[in-house]
Amino acid sequence: MTDLRLVTTTGSASSLDADPVGGSSPEGSRTPEPGRPGRAARARRRWARPRGSTLALLPFLAFVGVFLLWPTLTVVVQSVTPDGAVGTQALMRAISGPYRSAFQNSLTLAAATAVLGGVLGLLLALAVRGMSRPAWLRPALDAWCSVASQLGGVPLAFAFVAALGTQGALTKLLAAVGIDLVGSGFSLSTLTGLTVVYLYFQVPLMFLVVMPAVTGLRESWREAATLMGAGPVRYWRTVAAPILLPSTLGGMLLLFINAFSAYATAWVLNSSGQLVPLQIRFVLQGNVITGEQDLGYALVTWTVALLLASLGLMSLLQRRAARWSRG
Amino acid sequence: MALGLFFVVPQLAMARFAFQNVPVALLDRGRLLEGWSLDRLGQALGEPALWEATRTSVVLAVLAIALNLALLLPLAVLAEIRAPHLRPVLTAITLLPWVIPPIALVVGVAATFRAVAPWFLASPLSLVPFYALWAMPFTYRALDAGLRSIHARTLVEAARSLGASWPTVLLRVLAPNLSASVVAACGLTAAAVLGEFAFASLLLKETLPTYLVNYQRSAPQAGMALALAVMVLTALALGAVVQLLRRRGLGVSTTGI
């Protein structure tokens, strides 16, 4: 009996070594056998290692579970069971009527800033790659981008109000040289205005994300391509572009996520705007009627689903991009 | 060049609005140098409510950093030296805050905690776990990069084979080598916490960003001066962190991906 137990314990030990996450050994084998404490203890120690490391994950998982997953899952479950029964009314309502335009606006804003910011960030990275001349340029730009990509939020919105608001200094300056911003319908609270503001943190973020891929483009590849008779166009089309494509698209998806979920900047510039994050706030704050609450939950569910899909796609692209990247 | 202008002009305009006491409508070439003073900043700094909000924000930042490090540092070390199979799990989990932005989570928090534990949301300190969550992508990546770059596994094996005990290994081998990435993690967490607006505003907590918005409404110029000061300080702190990482040769991504 004792021997049998020990065999199963060691058996599970080897299987745990191979796949340590599935720590599902019988609880009873943890207590040492009174007859042969030495062997039992040794066997226990052998599988205590990987199991211990998995156990160490538990407090962390509990933390994430309680503060992140529990609230989110509650909302998702509520949104598919409005009024206590499974149904899609709330989910459908959240993408119809005024909320449909909120989603359209948010998607347009996120996509526009992702594409524009992506292209500008990529161009910036490509432009900097060739320049080694002022030795301070690269590190300074890296540092500045790290800072600027984190600068979103309330102060940034204020800064743009001071520059491009109706009473902004830049607005005045442009008016002096004959460009009438206000008259042309430009305002920071419109989608165009928000796009301009968002680009302030999107471009640096893109720069940081694609820079490893851009530095990964080796000079010898271009030389090899030239030796084989490829012109610059052919080189960019068949060598550089395929290598840069995954990280560029991945970066743009990151920008998309970033812009879609940005809240503070949009709220300061246009607190009653037709954007999904602002609508979520509106529903959450203004209404305590049960039906309206379900609507808010449905908005959140759509948002999370959308972001989750983008992030999944982005990780796939990043994995591809990692093959050629150099930090 | 044009891009460079785009990144500097907003701050310049902000400074002008805050520190030059001339309305835009009256501004022309001749008066460009008139009426500059730092009084507005002094006025903003004289508000006791500002210090109250700042104190809340700083306490939140410190606690979020402590919680984050307590949760992630042991796991990052463990994943590097003992259990590499934990790394993909950690990487995936620390990406989750990207998918669930503050504005989405706050709805869930209101739906769950308000019913189960209303006392929890009453205190401003209830923000700590959530702020720790959003800083996780940055913290974990900074720690992970630090551990990789010092070849922690080799260091630990060397120390162990020289007879060092586990506490000695942790305190005298790993801790000194990791200080740079821990400082970086702290800096990034602090920047994220000090700038977070959605959560604090929706749970009606007075932190620095929510105070800024309210104050700017009542005192536009002083509020602008204060926002500029906050922005410059954040930028300097982040810049110092990036500089530190560069000097140590750490390729830490500050993007949280």
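Remember, it's a predicted structure, so these values are computed and weren't measured experimentally.

## Overview of the overall build of chain B
Then comes step 1: Scanning chain B from terminus to terminus reveals 13 helices and zero strands.
Then comes step 2: Its helices and strands in sequence order give chain B the pattern α-α-α-α-α-α-α-α-α-α-α-α-α, from N to C terminus.
Then comes step 3: Overall, the C-alpha framework of chain B stretches about 75 × 50 × 30 Å when taken along its three principal axes.
Then comes step 4: Relative to its 257 residues, chain B shows a buried fraction of 47%.
Then comes step 5: A separation threshold of at least 6 residues defines the contact pool for chain B, and within that pool the share at least 24 residues apart is 76%.

## Things to note about unusual backbone geometry
Across the chain, the bulk of peptide bonds are trans and the bulk of non-glycine residues have phi less than zero.
All names here are of chain B.
Then comes step 1: At His 151, a position not held by glycine, the phi torsion is positive, near 50 degrees.
Then comes step 2: The residue His 151 is located in the loop between α8 (127-149) and α9 (152-161) in this model.
Then comes step 3: A positive phi is found at Leu 204, a non-glycine position, where the angle reads about 55 degrees.

## Quick word on the interface of chain A and chain B
Then comes step 1: Counting residues at the interface gives 65 residues for chain A, matched by 64 residues for chain B.
Then comes step 2: Grouping the constituent residues of the side of chain A that touches chain B by class yields 48 nonpolar, 14 polar and three charged.

## Some thoughts on the nonpolar core
Then comes step 1: In this structure, A:Ala162, B:Tyr131 and B:Ala135 are the most contacted members of the largest nonpolar core, which totals 168 residues.
Then comes step 2: Here the element with the most residues in this core is helix α8 (residues 191-216) of chain A; it accounts for 16 residues.
Then comes step 3: When sequence neighbours within four positions are dropped, the list of residues in contact with B:Tyr131 reads B:Leu60, B:Ala64, B:Val193 and B:Glu196.

## Observations regarding the environment of B:Pro97
Residues and elements named next belong to chain B.
Then comes step 1: Inspection of the secondary structure assignment puts Pro 97 in helix α5 (residues 96-99).
Then comes step 2: Between the alpha carbons of Pro 97 and Ala 135 there is a distance of 8.4 Å; along the sequence they are 38 residues apart.
Then comes step 3: Contacts of Pro 97, omitting those with residues within four sequence positions, involve Leu 133, Trp 134, Met 136 and Pro 137.

What counts and how
Residues numbered from 1 in each chain as written. Chains lettered and ligands numbered in written order. Predicted model: local features only at pLDDT ≥ 70, side-chain atom pairs only at ≥ 80, totals over all residues. Helix = DSSP H or I, 4+ residues; strand = E, 2+ residues; numbered from the N terminus. Buried ≥ 20, exposed ≤ 12 C-beta atoms within 10 Å, placed from the backbone. Contact = placed C-beta atoms within 7 Å. Nonpolar A, V, L, I, M, F, W, Y, C, P; charged D, E, K, R; others polar. Core = buried A, V, L, I, M, F, W, Y, C linked by C-beta atoms within 7 Å.

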